[in-house]
Amino acid sequence: MPHSPATRAGRFLRDALRPGGGPGYRYAPGLRAAVSMGIPLTAGAATGHLPLGLTATMGAFTAVYGAKEPYARRAVLLAGVGAGFVLSVAAGSLAGGRIWLAPVVIGLVGAVATYVCDALRIGPPGGYLFALACAMSTPLPFDGAATGQRVTLTAAGAACAWLVSMSGYLVDRRRPETTAVADAYEQLAAYLDAIGGPRQDAAQHQAAIALRTAWYAVAAPPQPRGRTGGRARLRPAVRQAHHVFAAAIRAAASRQPLPDDLAGALRSTAGCLRERRNPPAPPSPGPGGEPAARRAVRGEVEQAVHDAVSGAPPDDAGELLEPSSATRLLASARKRHSLVLPAALRVGSGAVIAGWLAHLSGFAQPYWASGAAIVVLQGANVTTVIRRGLQRGAGTAAGVLLGGTVLALHPGAAALVAAVMLAQFAAEAVLAHNYALGVAFITPLSLFLTEAAQPALPVDQLVTARLLDTACGCVVGVAAGLSLWRRTSTVRLPSTLARVIRAEGTAWHLILTADDPRSGDAATARHRLRTELINLRTVADSAAGDRPAPRELARLWPAIAATQQLGYLAVSTTRPPRPRPAPGDAARVRRAFVTLADSAATGAPPPPLDLPRRVPLTRLDAVLHALHSALSAPHTGECGRRPLRRWRR
């Protein structure tokens, strides 16, 4: 029985605001952020120049980024982030006092920062804090000397945050890489547990992401010459994890649950990696009547348990390839299939509109409206934008009560600094776990910083301004999400599907013709295919949140499922087929993939498959025909009413 609109709305609101909706608490990043924020504020309070310390905190936001990056990469990343904050403050100062120009500059900084952060996969909080630093520099009229002072103090705050964020290198220089590899083994264990259940495909996707993160952590930059251990010890563990993943994919084809001790062995391996302990005893071999697929997985897991910690090199040294450079990632984000550019344009447009509307309404702190709009528009689709708007509003309402209560007690400089540090720690620790709860601590933080900069401003005016500006920004953000590029993922889904099918055709051709699919061009193609499969699932999941509900996704979902099967079947194929196919047969298989890719891109039914009489792998033949049947379904989706050719032009 379908639910009423009121019931669906109530369920959506409950899901949006429920606690515990994300990963666990992040105490270490929260502590680093709090210390980075507290040092310049403490120095300012001790010298009687608290506003100067406040200015330096705009650079201290650098500590929020790169929490999971290896230290070698984190050093470069945080230097770039710090430079970005300096440029953001300079841009805001140059636009200071110009009512109509300031929102444009804030929106431009937010759009550029969102583009760069999304393209380089920097992660939350993305471009928001850069726009906030820019916005906090706009209230005062432009002054050359003051601008130079702000830029210098921001750079000093960023340098302090860099030192605090890199301090863990002195304690455990390989902790981020070790954590990434251990997390990959934990996700592999969750995948093995999910095989045969309803979450099998979702767990496979999460395991693929964790493996990519682990590989990226240990792949580059290279080890200094003459230094052993550390990353060199972790590389074999990542390769063994890929072996387990491939075996699990083969076993998952039967949709039958696996023995529990296999996942337990992987979790024990993860614990050994985290604590640098010796590997646990391997699980006992399965009974003689155990299916062959289970025996294969059990054997590879046993080998992974032995080799992951001991560092025994596997036999496919070419499996780990160099990650894409920053230049390539930025260039790829400009391509038509990317979701990055529309997201950046949506963020910039919403920030400008919100800022102008707040100025016209006479709000006291209009840059808060631009910031709220940017945060809301960081959602990937209409559903997440609405959820973010609700979470931002609810969190702000709770936060102003907390922050207003503290400010009503008229705390001194030392107490205010302590309150800022505590709020920063709490916000960073819980934000990833639940956004609404994190906003409840971010709001007092912004109130405390504003109070430190403008101590004469009455508390009731400060609280009222925060509520009004946030409400304005949330409304504008949700409206922009509903009207600007609201079907970005749905429109790009057919072309993304076609690109993945073509990548599968290339990978399968190399697998069928290579002497050893574990190395050379075949390994490179399989590695690239893993990335494309992750991207396809990401776009499909994002399209599921577009509104109105995309019927095109429902039509393409069987084809997406078959494409995922074909892709992960290629990823798991590490041995050449026996007997080897003739070169002409391998070429016919590749042409079949090209035909199916063209059908996915245009929406036209594919012609009959021209496959060799004896397809090298039985599963390959079956899944190819399943994909052909899915793409042959009648085209009744939204994209059918609006031809894709028009969008491509």
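Everything discussed here concerns the structure shown above.
Asker: Explain the overall build of the protein to me, please; I cannot follow it from the model alone.
Answerer: Helices and strands together make up the secondary structure of the protein, namely 26 helices and 0 strands. In the protein, which comprises 649 residues, the share counted as buried stands at 52%. For the protein, the share of sequence-separated contacts (at least 6 apart) that also reach a separation of at least 24 residues comes to 81%. Counting only carbon and sulfur atoms, one obtains 62% of the accessible surface of the protein, whose full area is about 27,600 Å².

Asker: I tried to follow the packing of helix α20 (residues 488–513) against helix α21 (residues 520–543) on my own but got confused; where do I start?
Answerer: Helix-helix packing is described using two parameters, namely the angle between the two axes and the distance between the axes. Where α20 contacts α21, the two axes come as close as 9 Å, and the packing angle between them is 160°. Relative to α21, α20 is oriented roughly antiparallel. Here α20 runs over α21; the crossing is left-handed. In terms of residue class, the contact of α20 with α21 is made up of 15 nonpolar, 5 polar and 5 charged.

Asker: I'm lost on a nonpolar patch on the surface in this one. Help?
Answerer: Residues I99, W100, L101, V104, W356 and L360 make up a contiguous nonpolar surface patch of about 580 Å² in total accessible area. In this fold, W356 is placed in helix α14 (residues 340–360).

Asker: Help me understand unusual backbone geometry, please; the structure alone is not making it clear to me.
Answerer: Glycine aside, negative phi is the norm for most residues, and most peptide bonds take the trans geometry. With a phi angle near 55°, R121 is a residue other than glycine that sits in the positive phi range. With respect to the secondary-structure elements, R121 resides in the loop between α5 (101–119) and α6 (128–136). For R121, a relative accessible area of 49% corresponds to the partly exposed category. Positive phi, close to 55°, is recorded for H410, a residue that is not glycine. Following the sequence through the fold, H410 ends up in the loop between α16 (382–408) and α17 (413–430). Under the relative-accessibility criterion, H410 is labelled exposed at 66%.

Asker: Would you mind going over helix α8 (residues 175–194) with me for this structure?
Answerer: Residues separated by three or four positions in an α-helix point in the same direction, a consequence of the helix having 3.6 residues per turn. Look at α8: 28 Å from first C-alpha to last across 20 residues, which is about the 28 Å you get at 1.5 Å a residue. Two residues or fewer after α8 comes G196, characterised by a positive phi angle close to 90°.

Asker: Please explain helix α2 (residues 27–46) as it appears in this structure.
Answerer: Between its first and last C-alpha atoms α2 spans 27 Å; for 20 residues at 1.5 Å apiece the expected length is 28 Å, and the two agree. Among all positions in α2, only P29, G30, R32, A33, A34, S36, M37, G38, P40, L41 and G44 are buried. With its phi angle positive at about 80°, G48 sits one or two positions after the end of α2.

Asker: Would you mind showing me how to read the nonpolar core here?
Answerer: Counting residues in hydrophobic clusters, the biggest one holds 78 residues, and the most contacted among them are V181, Y191, F245, L493 and L497. Non-local contacts of L497, meaning those with residues more than four positions away in its chain, are made with L536, L556, A559, I560, T563, A600 and L631.

Asker: Would you mind showing me how to read the packing of aromatic side chains here?
Answerer: The geometry of an aromatic ring pair is captured by the separation of the ring centres together with the interplanar angle, meaning the angle of the planes. Scanning all chains against the criterion turns up 8 aromatic pairs. Note on Y191 and F245: the rings are 5.8 Å apart at their centroids and 55° apart in plane angle, and the pair reads as tilted. Separated by 54 residues along the polypeptide, Y191 in helix α8 and F245 in helix α10 (residues 231–252) bring together distant segments of the chain. You'll find Y191 and F245 in the same group, each marked buried. Considering the side-chain rings of F245 and Y568, the 5.9 Å spacing of their centres and the 90° angle between planes classify their relative orientation as edge-to-face. Placement of F245 in helix α10 and of Y568 in helix α22 (residues 551–572) is noted, with a sequence separation of 323 residues between them. Relative accessible area serves as the criterion here: at 1%, F245 is assigned to the buried category.

Asker: Explain the pattern of salt bridges to me, please; I cannot follow it from the model alone.
Answerer: Should the charged atoms of two oppositely charged side chains come close, the side chains can pair. Taken as a whole, this structure holds 8 salt bridges when the rule is applied. In this structure, E177 engages R174 in a salt bridge whose closest nitrogen and oxygen atoms are separated by 3.1 Å. Residues E177 and R174 agree in their burial class; the two are buried. Note that D541 is salt-bridged to R537, the shortest N-O span being 3.2 Å. With a gap of 4 residues between them, D541 and R537 both fall in helix α21, about one helical turn apart. By relative accessible area, which is 37% here, D541 ends up partly exposed. Where salt bridges share partners, they join E186, D193 and R267 into one cluster.

Conventions adopted
Residues numbered from 1 in each chain as written. Predicted model: local features only at pLDDT ≥ 70, side-chain atom pairs only at ≥ 80, totals over all residues. Heavy atoms only, no water. Helix = DSSP H or I, 4+ residues; strand = E, 2+ residues; numbered from the N terminus. Buried < 20%, exposed > 50% of the residue type's maximum accessible area, 1.4 Å probe, protein only. Contact = heavy atoms within 4.5 Å. Areas by Shrake-Rupley, 256 points an atom, 1.4 Å probe, with all protein chains shown as cover. Axes fitted to C-alpha atoms, helices over the stretch in contact; angles between N-to-C directions. Parallel < 35°, antiparallel > 145°, perpendicular 65-115°, else oblique. Left-handed = near helix turned anticlockwise from the far one by under 90°. Nonpolar A, V, L, I, M, F, W, Y, C, P; charged D, E, K, R; others polar. Patch = residues over 30% accessible without salt bridge, like charges linked within 9 Å, V, L, I, M, F, W, Y side chains within 5 Å. Salt bridge = Lys/Arg side-chain N within 4 Å of Asp/Glu carboxyl O. Expected span 1.5 Å × (residues − 1). Core = buried A, V, L, I, M, F, W, Y, C linked by side-chain atoms within 4.5 Å. Phe/Tyr/Trp six-rings, centres within 6.5 Å; stacked < 30°, edge-to-face > 60°.

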